[in-house]
Amino acid sequence: MSITLTLSNIQCGACANSIKKGLGQLPGVGQVDVDVATGNVTVDADPALRDTLVERLTELGFPEKNG
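Residues numbered from 1 in each chain as written. Predicted model: local features only at pLDDT ≥ 70, side-chain atom pairs only at ≥ 80, totals over all residues. Heavy atoms only, no water.

(A) Spotlight on the pairing of strand 2 (residues 32-35). Side-chain alternation along strand 2 places Val 32 and Val 34 on a buried face and Asp 33 and Asp 35 on a face that remains uncovered. Here strand 2 folds back onto strand 3 (residues 40-44) in antiparallel fashion, the turn holding four residues, of which Gly 39 has a positive phi close to 80 degrees. (Buried < 20%, exposed > 50% of the residue type's maximum accessible area, 1.4 Å probe, protein only. Helix = DSSP H or I, 4+ residues; strand = E, 2+ residues; numbered from the N terminus. Pairing = 2+ DSSP bridges.)

What follows is the structure in structure tokens.
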């Protein structure tokens with residue numbers, strides 16, 4: 001299954017690479033796709049990992065957008 005999150009602070013390809021590397025290290029995470037233009041990140045992972053993903057993304061400097 002996949003989880004899609006809309007994040008703040010994604011501005012370039014380097015941001016996308018940081019996100020892919022940071023999430024790719026987590027157990028249970030498959031492919032990570034980042035759309036820099038929209039700020040959307042799609043992760044192949046169990047939906048139960050959503051909170052873990054959001055926490056890790058916040059640590060990396062890419063918090064989830066509210067609303």
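(B) Examining helix 1 (residues 13-24) more closely. For helix 1, built from 12 residues, the straight-helix expectation of 16 Å at 1.5 Å per residue is met to within 8% by its first-to-last C-alpha distance of 16 Å. As for helix 1, its buried residues are in contact with strand 2, strand 3 and helix 2 (50-59). (Expected span 1.5 Å × (residues − 1). Contact = heavy atoms within 4.5 Å.)

(C) The arrangement of the pattern of salt bridges in detail. For the structure on display, the rule yields two salt bridges. Arg 50 is the salt-bridge partner of Glu 64, the closest N and O atoms lying 2.5 Å from each other. Here Glu 64, found in the segment after helix 2, pairs with Arg 50, found in helix 2; they are 14 residues apart in sequence, far enough to count as distant. For Glu 59, the salt bridge is made with Arg 56, and the minimal N-O distance between the two is 3.3 Å. Within this pair, Glu 59 and its partner Arg 56 are both found in helix 2, separated by three residues, close to a single helical turn. (Salt bridge = Lys/Arg side-chain N within 4 Å of Asp/Glu carboxyl O.)

(D) Representation of the nonpolar core in the model. Ranked by internal contacts, the top residues of the largest apolar core, which has 19 residues, are Ile 19, Leu 23 and Val 41. Put simply, the parts of the chain that give this core at least two residues each are strand 1 (2-6), helix 1, strand 2, strand 3 and helix 2. With four residues, the top contributor of residues to this core is helix 1. If we skip the residues at most four places from it in the chain, Leu 23 touches Val 29, Val 32, Val 41, Val 43, Leu 53, Arg 56 and Leu 57. (Core = buried A, V, L, I, M, F, W, Y, C linked by side-chain atoms within 4.5 Å.)

(E) Representation of the packing of helix 1 against helix 2 within the structure. Where helix 1 meets helix 2, the axes come as close as 10 Å, and the angle between the chain directions of the two elements is 135 degrees. Looking at the two axes, helix 1 sits oblique to helix 2. Between helix 1 and helix 2 the crossing geometry is right-handed. Counting all contacts with helix 1, which are made through Ile 19, Gly 22 and Leu 23, the residues of helix 2 involved are Leu 53, Arg 56 and Leu 57. By residue class, the composition of the contact of helix 1 with helix 2 is four nonpolar, one polar and one charged. (Axes fitted to C-alpha atoms, helices over the stretch in contact; angles between N-to-C directions. Parallel < 35°, antiparallel > 145°, perpendicular 65-115°, else oblique. Left-handed = near helix turned anticlockwise from the far one by under 90°. Nonpolar A, V, L, I, M, F, W, Y, C, P; charged D, E, K, R; others polar.)

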